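Residue strings, one per chain:
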Amino acid sequence: MVVTSLKLQDLIEEIRGAKTQAQEREVIQKECAHIRASFRNGDPVHRHRQLAKLLYVHMLGYPAHFGQMECLKLIASSRFTDKRVGYLGAMLLLDERHDAHLLITNSIKNDLSQGIQPVQGLALCTLSTIGSAEMCRDLVPEVEKLLLQPSPYVRKKAILTAVHMIRKVPELSSVFLPPCAKLLHERHHGILLGTITLITELCERSPAALRHFRKVVPQLVQILRTLVTTGYSTEHSISGVSDPFLQVQILRLLRILGRNHEESSETMNDLLAQVATNTDTSRNAGNAVLFETVLTIMDIRSAAGLRVLAVNILGRFLLNSDRNIRYVALTSLLRLVQSDHSAVQRHRPTVVECLQETDASLSRRALELSLALVNSSNVRAMIQELQAFLESCPPDLRADCASGILLAAERFAPTKRWHIDTILHVLTTAGTHVRDDAVANLTQLIGGAQELHAYSVRRLYNVLAEDISQQPLVQVAAWCIGEYGDLLLAGNCEEIEPLQVDEEEVLALLEKVLQSHMSLPATRGYALTALMKLSTRLCGDNNRIRQVVSIYGSCLDVELQQRAVEYDTLFRKYDHMRAAILEKMPLVERDGPQADEEAKESKEAAQLSEAAPVPTEPQASQLLDLLDLLDAASGDVQHPPPLDPAPGGALVHLLDLPCAPPPPAPIPDLKVFEREGVQLNLSFIRPPENPALLLITVTATNFSEGDVTHFICQAAVPKSLQLQLQAPSGNTVPARGGLPITQLFRILNPNKAPLRLKLRLTYNHFHQSVQEIFEVNNLPVESWQ
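Residues numbered from 1 in each chain as written. Predicted model: local features only at pLDDT ≥ 70, side-chain atom pairs only at ≥ 80, totals over all residues. Heavy atoms only, no water.

## Regarding the sheet that holds strand 4 (residues 678-685)
Argument step 1. Read across the sheet, five strands follow the order 3-4-5-8-7 without closing on themselves; strand pairing throughout is antiparallel. The open sheet has two free edges, formed respectively by strand 3 (670-675) and strand 7 (722-725), since each of these has just one partner strand. For this sheet, the mean angle separating the axes of adjacent strands, direction not counted, is 20°.
Argument step 2. In this structure, strand 5 (residues 693-702) lies alongside strand 8 (residues 741-748), joined through eight bridges in antiparallel fashion. In the strand pairing of strand 8, T697 is matched with L744. (Pairing = 2+ DSSP bridges. Helix = DSSP H or I, 4+ residues; strand = E, 2+ residues; numbered from the N terminus. Axes fitted to C-alpha atoms, helices over the stretch in contact; angles between N-to-C directions.)

Okay, here's the thing in structure tokens:
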């Protein structure tokens, strides 16, 4: 007995009535079997009903690929009911990955040529959804004709199909330039919106189209002015704003047309001021139009007063009760702070208030903007606000806040004492969240301020006596007590309350640090060295210090044990040299030259000339294993021609006189990487005494607003070369042009083979992990010839 197939409504009810997943699968499998049988029998009357049920099954996530060919049959049918379901099935079941979608090209072409508007609409919708590049090229004449059809229904869909074609095949841009100029005269808002979208797509993908449509800027300005000045219309107004969708789209197009173009920007200045002052901001539709206006003002060459007006609008957004609007305002102000710093500064109190937002994304944006607003004139007030925020901010913001305060204090500190106090406050409040170089920076700052040695050591001693849990703070305090312990005991600091400290209290405090379970091995090393230095600064007996040092001679930590053994040997065998060895550390200039491995290899540093940077972008074909990339020698490497003999060489040989070889020519530097302010530069030196050796210094710099952490640079060379990577100078590149990271590559190239490098960079930037792999093929010829 043949079981009749279910109707679509009955199938939906039965599927919804299934109590378990197994029952649902059973119903669907049974109905799919009926649908397959119907397709095999070739029932033309009920084919569209069977396909409709199959599409519902497909929407539930079950396989329905066996209905693809039925879609083609329904599309080729002459009945509208069949075409409607067929085109819907094609949009759901077919895409560019299936060759079957090419089979409907002829059917779509025939339907577009017919005068039946519903059928033309179905064909255009399908073409704009699944149309591949080949289909777009074949059907562009039909779509171009439909752009000027009298029916708004067909024209609207033809315009959206043209947008899809431009995205798929940008070279078709020239076909749609003439129709767009005519469509701008339309009064139908739907057609105007589609036309503006099409023009925007053309301008973004074709420089010729951009130049062409700059001529219609006055017409676009007039359309937008009409929208702004038009009264309430029930057909187009939303929350009292006349067609905000069309206004936003026109503003986006004006932003593209006015970018880097003085004449176009001048034409739209008055209109932008009118939109910015007359738009109602009580509803979200008005805020959307106003925000697009601000973005347009900031992106074109607008007048200075107009830019101030835009910043003031964003300032009003900060007072809005909607968190999304406040977030948008903070993000936009952060983009503008570099170009319009003084205008953004006027809203500094409001930005600081946003630090107390409970929303984590808002408080993070407010923190980034607050740090960007710090300058030499407001550094005291801003740092005070940021320090108050640091005490109560969420744990995930503490590291960013602490790092930002330290960088701002280093850049804009009015006095050294204020700088020291600021760093101490940060270390006391969030010592475990500071950057790795905070300890070194503070010790260097204190060492360079001779007049503040007594003040610093007294303050650090008081802080250490209260809390030894903040490890960076304990390390700085131990270093300072070891260096300036005599000033601590003298008690001659007039800037703070007098405090009498005896030797036993100082030694007991350092022993407490050594014995604390919270102390890291590095912190114990600082404390042990401080005790050793105090042996030359204290007037009493050193037996207690010697006992502590000898105890740590059997410590499980190898570094601490070695240090203790060396100090104990200094006491026993070289006591006469102890005072000289443990003298105060000399001041190290922060901006002075850094010792590196290159100085050991070459006594004579070549003067490096600047070369034009040639950034190397990673390509998909190069994303291979780092070590296997350069195994095979490249066959298309061009070898340089042999050098001609010097003009004076024959004369020297003729006279048989000794002649010193000329100094090697300097090798130009090379920039090989740049992304979001992070740059990687290579400098080269070939020691004259060993020409086969090439020394490459890799310098990583960071000019962005966020620190680069966990920076690792790895390299590979062809097998005919030998590569040795030296340890880098660090793994953190501070923001805003801070101290760069340097790393030395030693490459031995005895055969003078053409040099190629494969580099892999991994680091964290703006809380995102970044990995870049690229090949450097444009190394200077002087580096390997």
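## Quick notes on the pairing of strand 4
Argument step 1. Most of strand 4 sits out of view: seven of its eight residues are buried.
Argument step 2. Direction of pairing for strand 3 relative to strand 4: antiparallel, over a ladder of five bridges. Across the sheet, the residue bridging to K671 is N681, located in strand 4.
Argument step 3. In terms of strand pairing, strand 4 meets strand 5 through eight bridges, oriented antiparallel. Bridged to Q679 within strand 5 is T701. (Buried < 20%, exposed > 50% of the residue type's maximum accessible area, 1.4 Å probe, protein only.)

## Side note on the pattern of salt bridges
Side chains that carry opposite charge are capable of pairing whenever their charged atoms lie near each other.
Argument step 1. According to the stated counting rule, one finds 32 salt bridges in the structure shown.
Argument step 2. When the shortest N-O distance is used, the salt bridge between D396 and R364 registers 3.9 Å. With D396 in helix 23 (residues 395-412) and R364 in helix 21 (residues 360-373), this residue pair connects regions lying 32 residues apart in the sequence.
Argument step 3. You can call R364 buried: its relative accessible area is 19%.
Argument step 4. Linked through salt bridges whose partners overlap, the residues forming this network are R47, E70 and K73. (Salt bridge = Lys/Arg side-chain N within 4 Å of Asp/Glu carboxyl O.)

## A short note on the packing of helix 9 (residues 152-168) against helix 11 (residues 189-205)
Argument step 1. It is the contact of helix 9 with helix 11, at a shortest axis distance of 9 Å, that shows an interaxial angle of 15°. Compared by their axis directions, helix 9 and helix 11 come out roughly parallel. For the crossing formed where helix 9 meets helix 11, the hand is left-handed. Across the interface between the two elements, P152, R155, K156, I159, A162, V163, I166 and R167 of helix 9 pack against G190, I191, G194, T195, T197, L198, E201, L202 and R205 of helix 11.
Argument step 2. Considered class by class, the residues forming the contact of helix 9 with helix 11 number eight nonpolar, four polar and five charged. (Parallel < 35°, antiparallel > 145°, perpendicular 65-115°, else oblique. Left-handed = near helix turned anticlockwise from the far one by under 90°. Contact = heavy atoms within 4.5 Å. Nonpolar A, V, L, I, M, F, W, Y, C, P; charged D, E, K, R; others polar.)

## Some words on the environment of L192
Argument step 1. Locating L192 in the fold gives a position in helix 11.
Argument step 2. Sequence separation between L192 and L246 is 54 residues, and the spatial gap between their C-alpha atoms is 7.7 Å.
Argument step 3. Those residues within four positions of L192 in sequence are excluded, and the remaining contacts are L183, L184, E186, I223 and L246.

## Here we look at the side chain of N542
Argument step 1. Summarising the element assignment, N542 is placed in the loop between helix 29 (521-537) and helix 30 (543-551).
Argument step 2. Residues within four places of N542 in sequence aside, it is in contact with S535, F571 and R578.

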